[in-house]
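Structure assessment
What follows is the residue order along each chain.
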Amino acid sequence: MAPRPIRPEPRPGVLSIAPYIPGRSEAPGVAKVYKLSSNETPLGPSPRAVEAYRAAAAHLESYPDGSSLRLRRAIADRFGLDADRIVCGAGSDELLTMITDAYIGPGDEGVFTQHGFLVYRIAILAAGGTPVTAPEHRHRADVDAILASVTARTKVVFLANPNNPTGTYLPATEIERLHAGLPPHVLLVIDAAYAEYVTRDDYVSGLELAERHDNVVMTRTFSKIHGLAALRIGWAYGPAHLVDALNRIRGPFNVGAPAIAAGAAAIGDEGHVAAAVAHNNRWLPWLTEEIGKLGLAVTPSVANFVLVHFPDEPGRAARDADAFLVKRGLVVRAVAAYGLPDALRVTIGSEEANRLLVAALAEFQAATAPAPEARVAHA
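This one's a predicted model, so the numbers in the text were calculated from it and none came from an experiment.

What the largest pocket holds in volume is close to 500 Å³. Taken together, 24 residues make up the lining of the largest pocket; nearest its centre are Y20, S38, D93, K224 and R232. Across the lining of the largest pocket, the residue classes break down as eight nonpolar, eight polar and eight charged. Approximately 390 Å³ is the volume attributed to the second largest pocket. Surrounding the second largest pocket, 26 residues form its lining, P19, L118, A336, A337 and Y338 being those nearest its centre. Residue assignment for the lining of the second largest pocket shows that the elements contributing at least two residues are α4 (118-126) and β12 (333-334). Partitioned by chemical class, the residues of the lining of the second largest pocket number 17 nonpolar, five polar and four charged.

It is worth spelling out the sheet that holds strand β3 (residues 109-113) at this point. Taken in spatial order, the seven strands of this open sheet run β2-β8-β7-β6-β5-β3-β4, and their pairing is mixed. Either end of the sheet is taken by a strand with one partner, and the two such strands are β2 (86-89) and β4 (130-134). Going across the sheet, the axis of each strand differs from the next one's by a mean of 20°, ignoring polarity. In the sheet, strand β7 (residues 216-221) pairs with strand β8 (residues 234-237) via four bridges, with the strands oriented antiparallel. Bridge assignment links T221 to a residue of β8, and that residue is G234. Set on the sheet, helix α8 (residues 240-249) makes contact with β2, β6 (187-191) and β7; between it and β2 the angle comes to about 30°.

Evaluation of the coordinates by the stated rule reveals two cavities of 30 Å³ or more. In this model, the largest cavity occupies a volume close to 40 Å³. Partitioned by chemical class, the residues of the lining of the largest cavity number five nonpolar, four polar and one charged. Considering only enclosed or pocket space, the second largest cavity measures out at about 30 Å³ in volume.

Definitions and limits used
- Residues numbered from 1 in each chain as written.
- Predicted model: local features only at pLDDT ≥ 70, side-chain atom pairs only at ≥ 80, totals over all residues.
- Heavy atoms only, no water.
- 1 Å grid on protein atoms, 1.4 Å probe; cavity = no way out; pocket = protein on both sides within 12 Å on 5 of 7 lines; lining within 4 Å.
- Points joined across faces, edges and corners; volume = space filled by probe spheres on them.
- Nonpolar A, V, L, I, M, F, W, Y, C, P; charged D, E, K, R; others polar.
- Helix = DSSP H or I, 4+ residues; strand = E, 2+ residues; numbered from the N terminus.
- Pairing = 2+ DSSP bridges.
- Axes fitted to C-alpha atoms, helices over the stretch in contact; angles between N-to-C directions.
- Contact = heavy atoms within 4.5 Å.

The values are spatial; any link to function lies outside them.
So this is what it looks like as structure tokens:
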């Protein structure tokens, strides 16, 4: 007979989940810190959002609208959608978790790609399901590999497009091919957190698929281009039956009133979004090119960050570069938890931060370059 527990114990599997660890935000002992670890916009939030947030602060004694109607209507107006098919949450993370809880249980499987967002695995395990990883090809999702990973037990397929932390994406034709290859009872979740940054003609966010099909839902966030990460606002768009399921398990007041007000104002400020896109369009290619000139490989990105690869050599590895940058106040994201121990993810920052980063990496490369005789011997 098993001994009786002496305290409440979580159900089997919970304590085996590796918790999500966010990007570092501090550089001890450094006067000025440039945080390039969390893909936050260097432009900050829309002034309209800040004004709306401050106005809402005068009524903190009142519960927010439990349906986030004002925010849903603002989103619907911006994209020409049906507000009744929108669900809002405390960031897209909460929505991804709600979707998983609604559609995955013990014995079910959820599929995601090799270097996909860590929350997918956590949510699947927390729901009692089994995570299944589909291989990527050159740090890019592979439709054939995803479809080959689908079994009779698969209930949900998660696809970040663009993907975090690689910055790569699948074009519309590949998204359509992926959906066409899935059984109708398998839910395709398109996580489009970085959609606003993508300017490629062959890209779609997933709204069109979610509009037309019963087994597609798209999630978005206000934490990136809108600069409202501190408020935790996300939204999902999908078929009515899915929205009904999510609203049944959603917390009754899961989005706060200041967040609703700020989000509604932010999504209406198209000028602020355009400025963020313009900034990214200027500095993403610049940073990619300048880092490449230093002899470091950079995965081509369409988002607001780049994935920089380092050699697996003592003193020159990603962990060494990370420590070197932190001492100079440049905080970037180690991505070993994503299966990328030899890479660092770097957010596109302000002009000052971007130029300092390249200068620091140049200094690191020069300081750690092999001696000439070592290069000859290696060759």
